[in-house]
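# Per-entry structural report
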Amino acid sequence: MLVLWLLSLALICLAQRVVDPQLRYLKVPENQSCVYNCAGVIKCQGYIPKCDAITQHYNLATDDNDENKEFRELLLHGHNGLRNRLAIKLNICDMLQIEWNNKLALYASRHHSFCHKGIMCDTQGNLHANLMRSNSTSEKPFFYYLINLSRNSFFYSNTYSRNFIPYALSHWYEAHIDLKFPKRIEVDNRTYYELAGQSNSFFNMVNPSIQVMGCSIAKFRDGRSLICYYYPFVHRDSKIYFRVMYKSYQCPYIYPIFDPIFKRICIRG
């Protein structure tokens, strides 16, 4: 079970090295005509699109006016609250706080520029990076992991909904019923929960390694759309691992303390 040990070490190294504002390991295309398609491939149109079907777009990237701060805080609160509840229920540790990232918010808004109401395909982008590998002198194969994006989308055919964000988040949460309950496993005297769930919105929200997110909201003539991107999304074979807490206090040292509100979410010191 060396793989799980390597994966845990990879998560710690990643938490130490990722610089949120720059997204060091994530190359978001600067060309505004480019988005990731369903195969995880960057596709560019050669022109900056404009969707005439959108009657209002909510810019969730922070700015001087920050008129949409309430939406941004509601999205962060909903995601971190869900992660906190899961950490309490399964008694797991190393659940990192998700913070906002403007680059991901602007990138999510590109889908709305292309009139995408949702992303009806595999939700995981296909950015590959070799986090670590086994000793080159070993006969065992190299161990490769993915550092990539995940994304969720939701379209609600009601233009007058006042509770659109809570409704979207509850819809993503309810996707957990499509997953099997996490399998409890023992590895090197440590306990983990293994959760399998490729292309599942709940699976995308609760990955412990996620540090930043960014979203876009658009009002179409026939409804409202929410698209969110998450980074980094570390997994192995479409499975993520939750480490069970074996002592009363346990967080990665780069996120050394528990949040005063979400008491099982690890935050920066």
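About the thresholds
- Residues numbered from 1 in each chain as written.
- Predicted model: local features only at pLDDT ≥ 70, side-chain atom pairs only at ≥ 80, totals over all residues.
- Heavy atoms only, no water.
- Phe/Tyr/Trp six-rings, centres within 6.5 Å; stacked < 30°, edge-to-face > 60°.
- Helix = DSSP H or I, 4+ residues; strand = E, 2+ residues; numbered from the N terminus.
- Buried < 20%, exposed > 50% of the residue type's maximum accessible area, 1.4 Å probe, protein only.
- Salt bridge = Lys/Arg side-chain N within 4 Å of Asp/Glu carboxyl O.
- Expected span 1.5 Å × (residues − 1).
- Polar contact = N/O pair within 3.5 Å; in protein donor to acceptor, adjacent residues only side chain to side chain.
- Contact = heavy atoms within 4.5 Å.

### Topic: the packing of aromatic side chains
Taken as a whole and judged by the stated rule, the model has nine aromatic pairs. Both rings, one in Y107 and one in Y229, keep their centres 5.2 Å apart while their planes meet at 75°; by these two values the pair is edge-to-face. In this pair, Y107 sits in helix α3 (residues 102-113) while Y229 sits in strand β9 (residues 223-235), placing the two residues 122 residues apart along the sequence. Exposure remark for Y107: the relative accessible area of 2% places this residue in the buried category. Between Y156 and Y167 the ring centres are 4.6 Å apart and the planes differ by 35°, which places this aromatic pair in the tilted class. Separated by 11 residues along the polypeptide, Y156 in strand β5 (residues 146-156) and Y167 in helix α4 (residues 164-174) bring together distant segments of the chain.

### Examining the pattern of salt bridges
Taken as a whole and judged by the stated rule, the model has six salt bridges. Note that E99 is salt-bridged to R268, the shortest N-O span being 3.7 Å. Of this pair, E99 sits in strand β4 (residues 99-100) while R268 sits in the segment after β12 (266-267), placing them 169 residues apart in sequence. Its relative accessible area of 31% is what places R268 among the partly exposed residues.

### A few points about α3
Taking 1.5 Å of rise per residue, the 12 residues of α3 would be expected to cover 16 Å, and the 16 Å separating its terminal C-alpha atoms lies within 8% of that figure. Within the sequence span of α3, burial applies to L104, A105, Y107, A108, S109, R110, H111 and H112. Note on α3: the residue one or two positions beyond its end, C115, has a positive phi of about 65°.

### Brief notes about the side chain of E194
Assignment of secondary structure puts E194 in strand β7 (residues 190-196). Polar contacts involving the side chain of E194 include one to the side chain of Y241, which spans 3.0 Å. Filtering out sequence-adjacent residues up to four positions away, E194 remains in contact with P182, K183, I185, K239, I240 and Y241.

### Structural notes on unusual backbone geometry
Between Y231 and the following residue, P232, the backbone shows a cis peptide bond with an omega angle of -10°. With respect to the helices, strands and loops of the structure, P232 is situated in strand β9. Although it is not a glycine, C115 sits at a positive phi angle of roughly 65°. Structurally, C115 is set in the loop between α3 and β5.

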